[in-house]
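Below, each chain spelled out in residue letters.
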Amino acid sequence: MMTTNWFKFASPAAFYPIAGRLIPWFGRIAAALVLIGLFWGFFLTANQLGGSNPQKEYYRIIFVHVPSAWMSMWLYLVLAGWSAIGLVFNTRLSFMMAKAAAPTGALFTFLALWTGALWGRPSWGTYWDWDPRLTSELLLFFLYIGYMALHSAIDDTRRADRAAALLAIVGLVMVPVIFLSINCPDPNQCAALHQRSDPGSIHLSILIPMLTMTFGLWAYSFAAVFARLRTIILTRESDSAWVRDVIAKEATV
Amino acid sequence: MMEFFNQGGYGGYVWGAFGMTFGLLLIEILQLRGSRRATLIRIGRLLRLRAPRQAAAASSRRQGTSGTQP
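Overview of the structure. Fair warning: this is a prediction, and the values are worked out from it, not measured in the lab.

### Some details on the packing of aromatic side chains
Two descriptors summarise a pair of aromatic rings, namely the distance from one centre to the other and the angle between the planes of the rings.
Reasoning step 1: Applying the stated criterion to the full structure yields 26 aromatic pairs over all chains.
Reasoning step 2: Residues A:Phe42 and B:Trp15 carry aromatic rings whose centres are separated by 5.0 Å and whose planes lie at 15° to one another, so their mutual orientation is stacked. Of this pair, A:Phe42 sits in helix 1 (residues 12–43) while B:Trp15 sits in helix 2 (residues 11–50), which puts the two residues in different chains.
Reasoning step 3: By relative accessible area, A:Phe42 is classed as buried at 9%.

Laid out in structure tokens, this is it:
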């Protein structure tokens, strides 16, 4: 049986060129999926949704709201996961991955809140409510900000990595809280509020563009996080010989 | 066309949501590009500062060898 030594890719020098080759592909996939999702979401969907108290055109915000919210939670899992791997195996690249994921995760958390506010105003009558899910998503945003602030507040990189990683892991409790925070025991009583959704009950013309946008933003996240990772690797490894070669090569291009 | 932009009177909400999303993604892409460029320039400058003698020695060696070549 052939075994792959995964730790080989854990070396920043080995992963730097791999990430560089992957970024354009993730970028292309992201652009294609987002364009398909937008076209489908705007042109192949009904203008109104639901029966007696329909959601009007503003429901189309779902095509950015749900994907952003999913990515905000997923990237937090990525952040905490790499933090844990970094603490356990003491691999430098893991901490760099975690640090690279945080700003994009914070961005999607903000977007989930922003697009939710613009959806909430026409459908609930308010931009903001201390609804359990809104509140826990806001706390997730503060956790991302806290991770980044704590990391940049400690000068020694290794200590910053470890302290921020610990915060990220403790903050992991927020993800299941967001997932479970639903204040609606009976979906028929509060159709407009956050409810436990059953993918089977969502109309396909809504579900497909929503999932397409989600995969598009996922591919975008890969590209953005890898791009940030490459800059972090260069900064942290600037003393090593391979970075000198990279700089010499890139400077002439 | 106007109908599309109007979104049944909810255009402000719909375009506010989509505009912020893709606006911020665009800003992130530009920011990543800028920081990559700045990092390359900064490290390049640092390397030249740190090893001016080595660089000078290497370049003179290169010139030397090219000079002896027929």
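Once you've had a look at it, read on.
### Regarding the nonpolar core
Note on soluble globular proteins: their nonpolar side chains tend to be buried together.
Residue and element names in this part refer to chain A.
Reasoning step 1: Of all hydrophobic cores here, the largest spans 75 residues; its most connected members are Ile62, Phe63, Tyr76, Leu79, Phe108, Phe226 and Leu229.
Reasoning step 2: The biggest single contributor to this core is helix 7 (residues 204–236), with 16 residues.
Reasoning step 3: The residues touching tyrosine 76, leaving out its near neighbours within four places in the chain, are Leu140, Leu143, Tyr144, Leu167, Ala168, Gly171, Leu172 and Val175.

### Remarks on the interface of chain A and chain B
Reasoning step 1: Counting from both sides, the interface comprises 40 residues of chain A and, opposite them, 28 residues of chain B.
Reasoning step 2: Together chain A and chain B conceal approximately 3,000 Å² of surface at their shared face, both sides included; 74% is due to carbon and sulfur atoms.
Reasoning step 3: When the area that chain A buries against chain B is broken down by residue, the three leading residues are A:Phe42, A:Tyr220 and A:Ile247, summing to 18%.
Reasoning step 4: Seen at the junction of chain A and chain B, the total is 1 salt bridge.
Reasoning step 5: A:Arg228 is the salt-bridge partner of B:Glu28, the closest N and O atoms lying 2.7 Å from each other.
Reasoning step 6: In this assembly, chain A and chain B are joined by 7 residue pairs in polar contact (both at pLDDT 80 or more).
Reasoning step 7: Mapped onto the side of chain A that touches chain B, the elements with two or more residues apiece are helix 1, helix 2 (62–89), helix 3 (92–124), helix 7 and helix 8 (241–252) of chain A.
Reasoning step 8: The dominant element in the side of chain A that touches chain B, judged by the number of residues it contributes, is helix 3 of chain A, at 11 residues.
Reasoning step 9: Each residue belonging to the side of chain A that touches chain B can be placed in one class, and the counts come to 26 nonpolar, 5 polar and 9 charged.

Reading guide: rules and limits
Residues numbered from 1 in each chain as written. Chains lettered and ligands numbered in written order. Predicted model: local features only at pLDDT ≥ 70, side-chain atom pairs only at ≥ 80, totals over all residues. Heavy atoms only, no water. Phe/Tyr/Trp six-rings, centres within 6.5 Å; stacked < 30°, edge-to-face > 60°. Helix = DSSP H or I, 4+ residues; strand = E, 2+ residues; numbered from the N terminus. Buried < 20%, exposed > 50% of the residue type's maximum accessible area, 1.4 Å probe, protein only. Core = buried A, V, L, I, M, F, W, Y, C linked by side-chain atoms within 4.5 Å. Contact = heavy atoms within 4.5 Å. Buried area = accessible area lost by both parts, 1.4 Å probe. Salt bridge = Lys/Arg side-chain N within 4 Å of Asp/Glu carboxyl O. Polar contact = N/O pair within 3.5 Å; in protein donor to acceptor, adjacent residues only side chain to side chain. Nonpolar A, V, L, I, M, F, W, Y, C, P; charged D, E, K, R; others polar.

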